[in-house]
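# Descriptive structure summary
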Amino acid sequence: RNFLRHAPDSDDSKEDPVYEVHSLLDERAEGGEPHFLVRWSGFGSEDDTWEPEAGLSPALVSAFRFDKARGERFAGEDYRTEGRALQLWCSRCRSHRNKDDFSVAMRRAPPARRSCLLHPVSRRSRRT
């Protein structure tokens, strides 16, 4: 379940706006405390913010850490999630992505040579 929170920089108006977390993207320590890079629902990457762990849902943080550990364990390989969704390795991103993020041809390629749709494949002209 996504976490709802008040805007950190809202003014003292009658009602503070409430934002919903779309996903956690990264984790780092600030002043010895864990902070997470948050993507907000309905906003783009330019609006991502670093938020302290204390202000986020424990379930959301736990799921992020579990997924990160699993991704590191299967680095360079494909794997299935608990829900049986296939996660394929992109050698260019050096991360796992959903199989729908790959062309049909790339889905069949070995993980070490596979690249997702974020990396266009140059087509070499055929010599006759």
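Structure shown above.
Below or above, wherever it landed, is the structure these notes cover. Note that the structure is predicted; figures quoted are calculated from it, not measured.

## Remarks on the sheet that holds strand β7 (residues 95-98)
- The strand order β5-β6-β7 describes an open sheet built from 3 strands, whose pairing is antiparallel. Of all strands in the sheet, those bounded by a partner on one side alone are β5 (79-80) and β7.
- Where strand β6 (residues 86-90) and β7 come together, 4 bridges link them in antiparallel fashion. In the strand pairing of β7, Trp89 is matched with His96.

## Section: the pattern of salt bridges
- In the structure shown here, the tally under the stated rule is 8 salt bridges.
- With a closest N to O distance of 2.6 Å, Arg65 and Glu27 form a salt bridge. With a gap of 38 residues between them, Arg65 in helix α1 (residues 58-73) and Glu27 in strand β2 (residues 18-30) connect regions that are remote in the sequence.
- On the accessibility criterion, Glu27 (24% relative accessible area) is partly exposed.
- Across the pair Arg70 and Asp67 runs a salt bridge whose closest N-O atoms are separated by 2.8 Å. Taken together, the residues Arg70 and Asp67, both in helix α1 and 3 residues apart, mark about one turn of the helix.
- On the basis of relative accessibility, which here comes to 7%, the residue Arg70 falls in the buried class.
- Among the ionic contacts, a cluster of salt bridges with common partners joins Glu27, Glu53 and Arg65.

Reading guide: rules and limits
Residues numbered from 1 in each chain as written. Predicted model: local features only at pLDDT ≥ 70, side-chain atom pairs only at ≥ 80, totals over all residues. Heavy atoms only, no water. Pairing = 2+ DSSP bridges. Helix = DSSP H or I, 4+ residues; strand = E, 2+ residues; numbered from the N terminus. Salt bridge = Lys/Arg side-chain N within 4 Å of Asp/Glu carboxyl O. Buried < 20%, exposed > 50% of the residue type's maximum accessible area, 1.4 Å probe, protein only.

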